[in-house]
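A look at the structure
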Number of protein chains: 2
Amino acid sequence: MKTIKRRSFLTNVAITSALGVAATLPTEANTKKKTFIHHVYFWLKNPSSEADRNKLIEGLTALSKVPTIRFHHIGLPASTNRSVIERSYSVSWMLFFDNLEEEEVYQKHPIHLKFVEDYSHLWEKVIVYDSEQV
Amino acid sequence: MKTIKRRSFLTNVAITSALGVAATLPTEANTKKKTFIHHVYFWLKNPSSEADRNKLIEGLTALSKVPTIRFHHIGLPASTNRSVIERSYSVSWMLFFDNLEEEEVYQKHPIHLKFVEDYSHLWEKVIVYDSEQV
């Protein structure tokens, strides 16, 4: 006899829209899902070039089509400015994956390899933070 | 005559759950909403203390009740390990806000002030990245 574990879900994270409508990212009851955040910060070679920044954003928009990506956010440094805030990067690229394995699929995906090939000349540095949900 | 602008919405970000159900974060047609990400990385004074880490996670869980937070994610460094990956932090704390103003409400909220008062002795360093959606 096989129990249908995969259909048993709990909710441990919720996204509430501006409309007050709650949407949920489901997690499994038995093997609690660990939403995986891959957050990349890019420092451009020419940080003052709006053209280069737009080109990178164009590349990231194409990159967002990798099918294992559950959510993506392309950001720019906000105007907030306190001593603990790092504001020197050019572009933020934040992704959700269902788990580490799907992030590894993304790393090796042809769309990702093509992105690195076509756009890596634009940046001088990246810092990546990979975090697994508690 | 007043037009009902606030009821006109476009969708520019989507979250797809593991079930394949698409949930959307609505954005206004006229004044496109810029989802604001506040991402904090904590370095503990005693990085090897599981008790301290759990205490911080307990504090963050309470902090997540600030009403302007639209989504929160508490994370730990993943096992991924490449040269560009920063893995030395202890805890990741990622928040979505509807805009910068709501993040400022969070900064001054009594729950946040109480969190800093009760838990800041645990950490030695924080780095914050605030990013506004492109």
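It should be noted that the structure appears before, not after, this text.
Residues numbered from 1 in each chain as written. Chains lettered and ligands numbered in written order. Predicted model: local features only at pLDDT ≥ 70, side-chain atom pairs only at ≥ 80, totals over all residues. Heavy atoms only, no water.

A few points about the environment of A62 of chain A
All names here are of chain A. Selection rule: Think of it this way: any DSSP run of H or I at least four residues long counts as a helix, any run of E at least two long counts as a strand, and we number them from the N terminus. Classification of residues uses two cut-offs on accessible area relative to the type maximum, computed with a 1.4 Å probe and protein chains only: under 20% is buried, over 50% is exposed, and between them is partly exposed.
Looking at where A62 falls in the secondary structure, it is placed in helix α1 (residues 50-63). A62 gets classed as partly exposed once you look at its relative accessible area, which sits at 42%. Put simply, A62 and P77 are 15 residues apart on the chain and 21 Å apart in space, counted from C-alpha to C-alpha.

Overview of the sheet that holds strand β6 (residues 123-133) of chain A
The cut-off we apply is this: A pair of strands counts as paired when DSSP detects no fewer than two bridges linking them. Angles shown run from 0 to 180 degrees and are taken between the N-to-C directions of axes, each axis being a line fitted to C-alpha atoms and, for helices, limited to the stretch in contact. Two residues form a contact once any of their heavy atoms are found within 4.5 Å.
Strand order in the closed barrel formed by eight strands is β3(A)-β5(A)-β4(A)-β6(B)-β3(B)-β5(B)-β4(B)-β6(A), and the pairing between neighbours is antiparallel. Here the average twist between neighbouring strands, direction ignored, is 30°. Sheet topology places strand β3 (residues 36-44) of chain A next to β6 of chain A; nine bridges connect them, and they run antiparallel. Bridge assignment links L44 of chain A to a residue of β6 of chain A, and that residue is W123 of chain A. The strands that helix α1 (residues 50-63) of chain B touches are β3 (36-44), β4 (71-77), β5 (91-97) and β6 (123-133) of chain B; relative to β5 of chain B, the one it contacts most, it runs at about 10°.

As for the packing of aromatic side chains
Which entries qualify depends on this criterion: Aromatic pairing here means that ring centres of Phe, Tyr or Trp (its six-membered ring) are within 6.5 Å. Orientation follows from the plane angle: under 30 degrees is stacked, over 60 is edge-to-face, and everything else is tilted. Consider the ring centre and the ring normal. A charge sits over the ring if Lys NZ or Arg CZ is within 6 Å of that centre and within 35 degrees of that normal.
Tallying each qualifying case throughout the model produces 26 aromatic pairs over all chains. Ring centres of F97 of chain B and Y106 of chain B lie 5.3 Å apart, and the angle between their planes is 50°; this geometry places the pair in the tilted category. By relative accessible area, Y106 of chain B is classed as buried at 2%. These aromatic residues form a ring-pair network of at least three members: Y41, W43, Y89 and Y129 of chain A together with Y41, W43, Y89 and Y129 of chain B. Here K125 of chain A stacks its cationic end above the ring of W43 of chain A, 4.1 Å away from the centre of that ring.

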